[in-house]
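Results of the structural survey
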Amino acid sequence: MTLMIRFQFLGFPIVIHWIFWLTAALLGGANGASSPEAIRNLVAFVIVAAASVLIHELGHALTMRHYGDRQVGIMLHGFGGFARGSRWLSRQEDMFVSAAGPFAQLAAAVVMWWVLDAWNPEPGVLRNALVSFRDISIFWALLNLLPIIPLDGGHISRALFGPDRLKPALTLSMICSAGMALFAVNHFGIISVAFFGMFAWNNYKEMRGEPQTPWMESR
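A few points on the structure. (Residues numbered from 1 in each chain as written. Predicted model: local features only at pLDDT ≥ 70, side-chain atom pairs only at ≥ 80, totals over all residues. Heavy atoms only, no water.)

**A closer look at unusual backbone geometry**
- In the segment running from Ile149 into Pro150, the intervening peptide bond is cis, with an omega of 25°.
- In this structure, Pro150 sits in the loop between helix H4 (125–144) and helix H5 (152–161).
- Despite not being glycine, Leu10 has its phi angle at roughly 55°, a positive value.
- Note on placement: Leu10 falls in the loop between strand S1 (5–9) and strand S2 (12–16).
- Overall, Leu10 belongs to the partly exposed group, its relative accessible area being 46%. (Helix = DSSP H or I, 4+ residues; strand = E, 2+ residues; numbered from the N terminus. Buried < 20%, exposed > 50% of the residue type's maximum accessible area, 1.4 Å probe, protein only.)

Shown next, in the form of C-alpha cells:
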C-alpha cells in the first residue's frame, strides 16, 4: 500500500503507516503550527515520537525473539503500534513480552534524562526534541501499563486472569477505558477521548463474541 514506510531493523520488518504520522502531528500541535519555529518543533516531535514508539515495539519484538519466535513484524499505526509474532506464548511469556515494551521505553526515557542533565543543551528545537522524547517515552509507557485491552497492561491483566476468565479482564478494561475517556475530556482532547472510547467499545464487542476492530487486536 502507498504512503507506508517499510524498512528492516535488527532483522525485524518494520512498517510505519501514514496514519501514525498524521496522528502524531495532530497530537504534536499541527493545528497551531503557524510559524517556522513551530513547524520545526512539530517535525521534531513527530520524529522523536516515532523513535520512542519504535523502541517500545522493539522491546516486545526482541523478547518474542528470545522466546524462539523468528517471524516478528512491527507496525506503527495510530499513535502507537504493535509487534506481531508467529508462535503461541504461554501466560508467563505473554506477561514478559507485554511488559518488555513499556520497560524498554522507560529505560530510554531514563537515558535521555541523564543526557539532558549532563549536556543541558541550549533552548531550541534540539532541546525541545530531546525533552519531547523523554516525556513521550514516560507517558506512553505508563499509559500502556493500564489494564486496558489491547494495551500492554490489558495483555498482562488477561494473562493473570487466565484464558478461562476473560470476562473479568474485559470488564476491568471497559471500566478503565471509560474512566480514562472521562479524564481525557478535560486533559487530553477529543482524539484521546475517541481512542479510549474505541477501546471500551471493542472490549464490549469482544465480550459479546463480535468481530473486533482489526488494528486493535494485537499489542
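**Quick word on the packing of aromatic side chains**
- Enumeration over the complete set of coordinates arrives at 3 aromatic pairs.
- Summarising the aromatic geometry, the rings of Phe20 and Trp21 are spaced 5.7 Å apart at their centres and angled 80° between planes, so their arrangement reads as edge-to-face.
- For Trp21, a relative accessible area of 27% corresponds to the partly exposed category.
- With 6.1 Å between their ring centres and 80° between their planes, Phe196 and Phe199 make a pair best called edge-to-face. Placement of both Phe196 and Phe199 in helix H7 (residues 190–207) is noted, with a separation of 3 residues, approximately one turn of the helix. Each member of the pair Phe196 and Phe199 is classed as buried.
- Note that Arg65 overlies the ring of Phe12, its terminal NZ or CZ placed 3.9 Å from the centroid. (Phe/Tyr/Trp six-rings, centres within 6.5 Å; stacked < 30°, edge-to-face > 60°. Lys NZ or Arg CZ within 6 Å of the ring centre and 35° of its normal.)

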